[in-house]
Amino acid sequence: MSYKNSYKDRNTITVTSETKFEEYLNSKNISFFHFGFNDKIKNDMQIGNKYHDLNYRLKKQPDYIINNNNNFYFVECKSFDRNDYLRLKDCDVKGYKYWNYFREVYFFIYSFKRNGYKIISLDKLINIAETCEAQIMPDNNEPYKLIPLTKLIN
């Protein structure tokens, strides 16, 4: 499975970065609330294609709100691809910047290849992304930055 597959095909995976993040939170006794849209929520709400009509700020809600020692944060979960690259779309960053105004946004980025994760703030991720190669998503022509895991662990 690769990023070139359709979202529908990619979304058939049962173990996701969200799954791994919830395992991490439970192991650390950190309370959390699922905040953003996922397919189950969209299906339960019977949103269908109307989801695409929502304002980008609603569509780009971070996946979780966590409470760690009475500090609240937003967390967006992502996965590295099989070659340990992250694709960070410009349109997503625009939405995350909106939420970052209210509470700091962090990313939990999981590598299935290495069975490990990286937690990084939106601001740091944006700074790193500025030094990375820009490309275009083949399915929707959205520009994105191709960020290697090696840039995030230095």
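Residues numbered from 1 in each chain as written. Predicted model: local features only at pLDDT ≥ 70, side-chain atom pairs only at ≥ 80, totals over all residues. Heavy atoms only, no water.

Draft legend 1. Examining the sheet that holds strand β7 (residues 133-136) more closely. In spatial order, the strands read β4-β8-β7; together these three strands make up an open sheet with antiparallel pairing. On the outer flanks of this sheet lie β4 (85-89) and β7, each paired with one strand and no other. Direction aside, neighbouring strands of the sheet carry axes that sit 35 degrees apart on average. Bridge analysis of β4 against strand β8 (residues 143-148) gives five bridges, and the strand direction is antiparallel. From the neighbouring strand, Tyr85 faces β8, where its bridge partner is Pro148. (Pairing = 2+ DSSP bridges. Helix = DSSP H or I, 4+ residues; strand = E, 2+ residues; numbered from the N terminus. Axes fitted to C-alpha atoms, helices over the stretch in contact; angles between N-to-C directions.)

Draft legend 2. The arrangement of helix α2 (residues 17-27) in detail. For α2, every residue scored as buried is listed here: Ser17, Lys20, Phe21, Tyr24 and Leu25. Projected onto a plane normal to the axis of α2, the buried residues spread over an arc of 140 degrees and lie on a single side. Every exposed residue of α2 that faces more than 90 degrees away from the buried side is listed here: Asn26 and Ser27. Contacts from the buried residues of α2 go to β1 (31-34), β2 (64-68), β3 (71-79), β5 (105-111) and β6 (116-121). Count one or two residues on from α2 and you reach Asn29, which has phi positive near 60 degrees. (Buried < 20%, exposed > 50% of the residue type's maximum accessible area, 1.4 Å probe, protein only. Arc of directions from axis to C-beta. Contact = heavy atoms within 4.5 Å.)

Note that all results are geometric; they support no functional claim without further evidence.
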